[in-house]
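Per-entry structural report
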Amino acid sequence: MNIPAWILDIFAAVMLLVAAVSAGQLVVARAWTRAGARDADIALSHLLMGIAMAGTLVASLSTLPNAAWEVIFAVMTAWFFWYLCRETRGQGVGALVSGHHAPHLLHSAAMLYMFAALAGPAAGGGSGMVGLATGSSGGMQTLHAPTLALVFTLLLIAYSVRDLDRKACADGYFHVVGRHFTPAGPALATAAAGVTSQGGPAGLASGGDSAVATMVHPEAAEVSSGDLLAGPVNASPPERLLLSPAVVKGCRVAMGVTMAFMLLIMV
Amino acid sequence: MSDTAVGRSRAAARDRLDAAGATPAGPDVRRALQLGLAAIWLLDGVLQYQSVMFTKAFGQMLAATSPSNPGIVSSPINWNATLIEHHMVLLNAIFATVQLLLGLGIAYRPTVRLALAASIVWALGVWWFGEGLGGVLSGAADPVNGAPGAVIIYALLAVLLWPSDRPSGASAPFVAARAVGAQVARALWLVLWGSLAYFGLTPANRAPQALHDMIAGMASGEPGWLAALDKHSAALVAHQGLAASIVLAVALAIVAVGVYLPAPVARATLVLAIVLAAVIWVVGEAFGTILTGGGTDPNSGPLLALLALTYWPPPRAGRSGS
């Protein structure tokens, strides 16, 4: 493998960051979402993908054997496929491409392919993964059926580009009906000025919907939809940031690009 | 948030949309095409991170574009190739990152202008230093294998998809005309496809075995199905170099003049252009040799198809051929 280790380290670090953000989203959303943690499956999938990809990129970060990851991503693929089928019942065949779970199905399927098609030093070992940067064996991991790798790469890139172009408000997770989002700029500026001391998960839980209704002008989210949006108001800035659609979008684009990168360098 | 603040935010959002060339209501074809360009740049950037690009082979690949070019063209290419061989890790990492950022920048609305402008500069640099001007001056240009240099088509697309409209932009007969005007856009199309037709008839490309050898040579290292496709395609044109070149040149010439014809005929020639681009990409370019692990870019096929879409007359355009 001639790719410098520091490049793989950077990609691995980004994936660990995505995993950490996803873990944070799971924790934070649990406090906020009263009607069940919708989209928790997506955050969980990002958490696992981040860990798996970091371990593939850098040997010292590997956690589970390939076979375990194959099972995990097979289950995840089936899960998102099932959800997407449900979406198609309501939204038609178009949901296969633009449905809420479509990109996550693609990510899961790409990960499943990646682990199932691995050849080279690590394949069949079963005891763990060899990172791409490992040069000790003098070999590198490659993928069987490289045409499929190209197809996945093209789809991942297409979704990444689409994600970047989409309105940020379309990408938020943990949405609860009636809860409004507020632009990050003003929200964070206000928070920095120390005005948001009344907020927080507890405040929201006790405030209920009446509190939500007075939090922010409803049009604000639409108006600034192309920009960075913060998460639910009446929460601390870090919590808002974790759940903001822009962060969600950033994680998804980073994951898509890194996955495409990994698939191509293993062709 | 006050209503005034909301109004300001709305205006700012509208400005950003305008900057991206988008109309708030309804799908924007130009934006969709910009995203296509962004995707290709992104793929290009990811390909540049491949293992082989961090070896001396990359520098040698660049140096190979130098021979037969005039001295004024080849000297900088050789200098650049030597520089890259000496600092290959750092420079290739920079190249890959720049291309990745160009793709992301075009896809992200607030940075689309900056990224498109940067992509033009970058593409022109790569066309010279990395592709030896696509072999245009050396006689090596072959329309079936990437002439006149895939990267120059990136620059052309960036110009044609620039997110601003001439005064008559709203009534432009196709997307490519919105930024530069219909006459200039058609002239650019004519020059590009006309030059492809010309290159198809150069002595090197019309030799009896030229096309056969080129296509057969693409099979090496490809997956079985693609290698078999290349070998069968090569067998079809064995010893038929001149006839194949003439057929190809005629088809390319028809495409070249097609944008000057009435809309229904223009659409037919654009379909022909897309079909040619697909055949070139699959048979002649083997998907830019991406599947061998050695392709630096997807080559010209997808770019030619994307370019054809920018000239697609919208329904009820009703333009005349004049």
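This text follows the structure it describes.
The structure contained in this document is the topic of the report that follows. From a predicted model like this one, the values you see are computed outputs, not experimental measurements.

1. With respect to the overall build of chain A
Looking only at helices and strands, chain A features eleven helices and four strands. Sequence separation of at least 24 residues holds for 80% of the intrachain contacts in chain A that already meet a minimum separation of 6. Summed over its atoms, the accessible surface of chain A is roughly 10,500 Å², and 66% of this surface lies on carbon and sulfur atoms.

2. Focus: the packing of helix 5 (residues 88-107) of chain B against helix 6 (residues 112-129) of chain B
Two numbers describe a pair of packed helices, the interaxial angle and the distance between the axes. All names here are of chain B. Contact geometry of helix 5 with helix 6 gives a least axis separation of 8 Å together with a crossing angle of 140°. As judged from the angle between their axes, helix 5 and helix 6 are oblique. In this structure, helix 5 meets helix 6 at a crossing whose hand is left-handed. Contact with helix 5, carried on its side by F95, V98, Q99, L102, G105 and I106, involves V112, A115, L116, A118, S119 and W122 of helix 6 and no other residues of that element. Partitioned by chemical class, the residues of the contact of helix 5 with helix 6 number nine nonpolar, three polar and no charged.

3. Section: helix 15 (residues 300-310) of chain B
All names here are of chain B. Burial analysis of helix 15 places ten of its eleven residues in the buried class, the great majority of the element. Among the residues making up helix 15, those that are buried are S300, G301, P302, L303, L304, A305, L306, L307, A308 and T310. Contact partners of the buried residues in helix 15: helix 2 (29-48), helix 7 (150-160), helix 8 (176-180), helix 9 (182-200) and helix 14 (263-284).

4. Here's the deal with the packing of aromatic side chains
Tallied over the full model, the rule gives 19 aromatic pairs over all chains. Seen in terms of ring centroids, W189 of chain B and Y311 of chain B are 4.6 Å apart; in terms of plane orientation they differ by 45°. Their pairing is tilted. Of this pair, W189 of chain B sits in helix 9 while Y311 of chain B sits in the segment after helix 15, and the two are 122 residues apart along the sequence. Classification of W189 of chain B by relative accessible area gives buried; the value is 0%. Residue classification places Y311 of chain B among the buried positions, given a relative accessible area of 1%. Within the aromatic cluster, the residues linked to one another by ring pairs are F174, W189, W193 and Y311 of chain B. For R86 of chain A, the ring lying beneath its charged end belongs to Y83 of chain A, and the centroid distance is 5.1 Å.

5. Some details on a nonpolar patch on the surface
Residue and element names in this part refer to chain B. A contiguous nonpolar surface patch, about 400 Å² in accessible area, is contributed by L201, L242, I246, V250 and I254. Mapped onto the secondary structure, L201 falls in the loop between helix 9 and helix 10 (203-206). Taking the relative accessible area as the measure of exposure, L201 reaches 35% and is therefore partly exposed.

Cut-offs used in this document
Residues numbered from 1 in each chain as written. Chains lettered and ligands numbered in written order. Predicted model: local features only at pLDDT ≥ 70, side-chain atom pairs only at ≥ 80, totals over all residues. Heavy atoms only, no water. Helix = DSSP H or I, 4+ residues; strand = E, 2+ residues; numbered from the N terminus. Contact = heavy atoms within 4.5 Å. Areas by Shrake-Rupley, 256 points an atom, 1.4 Å probe, with all protein chains shown as cover. Axes fitted to C-alpha atoms, helices over the stretch in contact; angles between N-to-C directions. Parallel < 35°, antiparallel > 145°, perpendicular 65-115°, else oblique. Left-handed = near helix turned anticlockwise from the far one by under 90°. Nonpolar A, V, L, I, M, F, W, Y, C, P; charged D, E, K, R; others polar. Buried < 20%, exposed > 50% of the residue type's maximum accessible area, 1.4 Å probe, protein only. Phe/Tyr/Trp six-rings, centres within 6.5 Å; stacked < 30°, edge-to-face > 60°. Lys NZ or Arg CZ within 6 Å of the ring centre and 35° of its normal. Patch = residues over 30% accessible without salt bridge, like charges linked within 9 Å, V, L, I, M, F, W, Y side chains within 5 Å. Salt bridge = Lys/Arg side-chain N within 4 Å of Asp/Glu carboxyl O.

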